[in-house]
Amino acid sequence: MRVALLGGTGAVGQRFAQLLERHPWFELTTITGKTSVGKKYGEAVNWLLGGEVPEYVRDLTVMETDMRNLKEVDLVFSALPSGEAASIEREVMRAGIPMVSNSSLLRMDPLVPLVIPEVNPDHLALLNEQRRVGSGPVATSPNCTTTILVIPLKPLNDRYGIKRINVASYQAISGAGYPGVPSYDIVDNIIPFISEEEEKVEKESKKILGRFNGKEVDQAGFEVQATCVRVPVIDGHTVAVHAEFEEEVDVDEAIRILESFDPGERIRKLPSSPEKVIVVRRERDRPQPRYDRLTGKGMSVTVGRLRRGASSNTLLFVAHGHNTIRGAAGGAILLAELMRSEGII
Ligand code: COA
Ligand code: MG
């Protein structure tokens, strides 16, 4: 499939370009931007990922982010900044061009599935509703912190039923793009505010873990409270989770549930699927960004520090995942792979 990448020069766009190199199904043929239009990608991009700009994209000319440049492609990935900056996504959806977006603009749209392939692949059935009104198929990938939180919550919710989640995040600076957070703000410091992040984590978690009723997604009924903090880490978001369940929790059983989590054959066989979605570490001081961010080529979520809370139905744990791979580009590519293997695109 010929693929276009919107906002390809940004921190997440670069990750898409890196992960799509030699992809068995997707060939990146169009990259769009704004200030770099007309330049070669290799000259325009401020490559943040180490090594060289992959050769296959170096000579692609950055195109204007405009519908005219999307006529020839079979699929669009969006790595545009969130919110109204991504308003072109509405036109893509209306025009019936298949798209997987990592932007927040359409995530909470009742017609748009918000999907983590290992968690709620059945929500893709919402695309039938899009087809009925002649748009899409457009699916979205969640916010990076939401993804890293919800993956371990999925099997725990299935077994114990979530009642309430309290989560604090420790978020890497790559999630804010480049130049992003000023060095004077983040070196020797932490910043206990990330605009709109807490709202995203709270709303998106309930949509993803909600139930598709055949026509729409009923939001999950539990409560989520988040405190999101930026920390001086380059890549990898960490979340400290206090989870309260309907049922009593046995810590050893919870560990077994997490370790044996299997998303099923149809997900496992996808090219970007990690060998293990959830990796449990038993050391008392893991996960840590520097050692755990690239587990499963950045597609696994590492969970540790599992212990019982003050009451018998609470579980405390720490989870970690790569924000621009699992939490952004890698997650979106995996979702597109699922849509392709299911014949949706
Ligand atoms: N229309 C068209 N192009 C636009 C645009 C718009 N409204 N807004 C931005 N762009 C362009 C930028 O100008 C740039 O292209 P250029 O180099 O040709 O000028 C390109 O899109 C990349 O955007 P930029 O803002 O420079 O990237 P960044 O590295 O500073 O920020 C993100 C990257 C990921 C922070 C940002 O894209 C974002 O907020 N994405 C959505 C949320 C997300 O994915 N968060 C990260 C999770 S870890
Ligand atoms: Mg920028």
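Values in this document were obtained by computation on a predicted structure and should not be read as measured data.

Draft legend 1. Molecular detail of helix α8 (residues 197-208). Its twelve residues give α8 an end-to-end C-alpha distance of 16 Å, which sits within 8% of 16 Å, the value for a rise of 1.5 Å per residue. Of all the residues in α8, the buried ones are E197, K200, V201, E204, S205, K207 and I208. Seen along its axis, α8 keeps its buried residues to an arc of 160°; they face one direction. Considering only its buried residues, α8 is in contact with α6 (144-160), β7 (162-171), β9 (217-218) and β10 (223-230).

Draft legend 2. Summary view of helix α1 (residues 11-19). Across the nine residues that make up α1, a large majority, seven, are buried. Listed in full, the buried residues belonging to α1 are A11, V12, G13, Q14, R15, F16 and A17. Residues of α1 that are buried in the fold lie against β1 (2-6), β2 (27-33), α2 (41-44), α3 (55-58), β4 (75-78) and α12 (325-341).

Draft legend 3. Looking closely at the pattern of salt bridges. Counted according to the given criterion, the structure contains 22 salt bridges. Put simply, E129 and R132 hold a salt bridge, and the shortest N to O gap is 3.2 Å. In this pair, E129 and R132 are both assigned in helix α5 (residues 127-132), three residues apart and thus about one turn of the helix distant. The exposure class of R132 is exposed, given its relative accessible area of 61%. R281 is the partner of E283 in a salt bridge, and the nearest nitrogen-oxygen pair spans 2.4 Å. Take E283: its relative accessible area is 31%, and that puts it in the partly exposed class. Here R281 falls in the partly exposed class, since its relative accessible area comes to 26%. Look at the salt bridges and you will find they share partners, linking K163, R164, E223 and E244 into a network.

Draft legend 4. Up close: the domain arrangement of the protein chain. When cut into domains, the protein chain gives domain 1 (2-142 + 329-341) and domain 2 (144-323). Across the contact, 33 residues belong to domain 1 and 36 residues belong to domain 2. Counting the surface domain 1 buries against domain 2, the share from its top three residues, M108, E118 and V119, is 23%. Taken together, the connections running from domain 1 to domain 2 amount to three salt bridges. The closest approach of N and O atoms between R107 and E204, which form a salt bridge, is 2.9 Å. Summed over the shared surface of domain 1 and domain 2, the result is nine residue pairs in polar contact (both at pLDDT 80 or more).

Draft legend 5. Looking closely at the site of ligand 1. Around ligand 1, the structure places 22 residues, and the nearest of them are T9, A11, K34, T35 and N102. In this structure, T9 approaches ligand 1 through a side-chain N or O atom, which is 2.6 Å from an oxygen atom. Contact distances for ligand 1 include 3.0 Å between an oxygen atom and a backbone N or O atom of Y178. Its residues placed into classes, the shell around ligand 1 shows nine nonpolar, twelve polar and one charged. Domain assignment of the residues forming the shell around ligand 1 places at least three in each of domain 1 (2-142 + 329-341) and domain 2 (144-323).

Draft legend 6. Region of the structure containing the packing of α1 against α12. Put simply, α1 and α12 touch, their axes get as near as 9 Å, and they point 50° apart. The orientation of α1 relative to α12 falls into the category oblique. Relative to α12, the crossing made by α1 is right-handed. On α12, the residues touching V12, R15, F16 and L19 of α1 are I325, A328, A329, G330, A332 and I333. Here the contact of α1 with α12 is built from residues that sort into eight nonpolar, one polar and one charged.

Draft legend 7. A look at the sheet that holds strand β14 (residues 314-321). Reading across from one edge, β10-β7-β11-β14-β13-β12 is the order of the six strands in this open sheet, with mixed pairing throughout. Sheet topology places β10 and β12 (278-280) at the edges, where each strand pairs with a single neighbour. The sheet shows a mean angle of 20° between the axes of neighbouring strands, taken without regard to direction. Note that β12 and strand β13 (residues 301-308) share three bridges and pair parallel.

Draft legend 8. A look at the sheet that holds strand β6 (residues 138-140). Reading across from one edge, β3-β2-β1-β4-β5-β6 is the order of the six strands in this open sheet, with parallel pairing throughout. On the outer flanks of this sheet lie β3 (63-64) and β6, each paired with one strand and no other. Where strand β5 (residues 99-101) and β6 come together, three bridges link them in parallel fashion. By the bridge assignment for β6, S101 is matched with T140.

The rules we used
Residues numbered from 1 in each chain as written. Chains lettered and ligands numbered in written order. Predicted model: local features only at pLDDT ≥ 70, side-chain atom pairs only at ≥ 80, totals over all residues. Heavy atoms only, no water. Helix = DSSP H or I, 4+ residues; strand = E, 2+ residues; numbered from the N terminus. Expected span 1.5 Å × (residues − 1). Buried < 20%, exposed > 50% of the residue type's maximum accessible area, 1.4 Å probe, protein only. Arc of directions from axis to C-beta. Contact = heavy atoms within 4.5 Å. Salt bridge = Lys/Arg side-chain N within 4 Å of Asp/Glu carboxyl O. Domains from an automatic or database assignment. Buried area = accessible area lost by both parts, 1.4 Å probe. Polar contact = N/O pair within 3.5 Å; in protein donor to acceptor, adjacent residues only side chain to side chain. Near = heavy atom within 4 Å. Nonpolar A, V, L, I, M, F, W, Y, C, P; charged D, E, K, R; others polar. Axes fitted to C-alpha atoms, helices over the stretch in contact; angles between N-to-C directions. Parallel < 35°, antiparallel > 145°, perpendicular 65-115°, else oblique. Left-handed = near helix turned anticlockwise from the far one by under 90°. Pairing = 2+ DSSP bridges.

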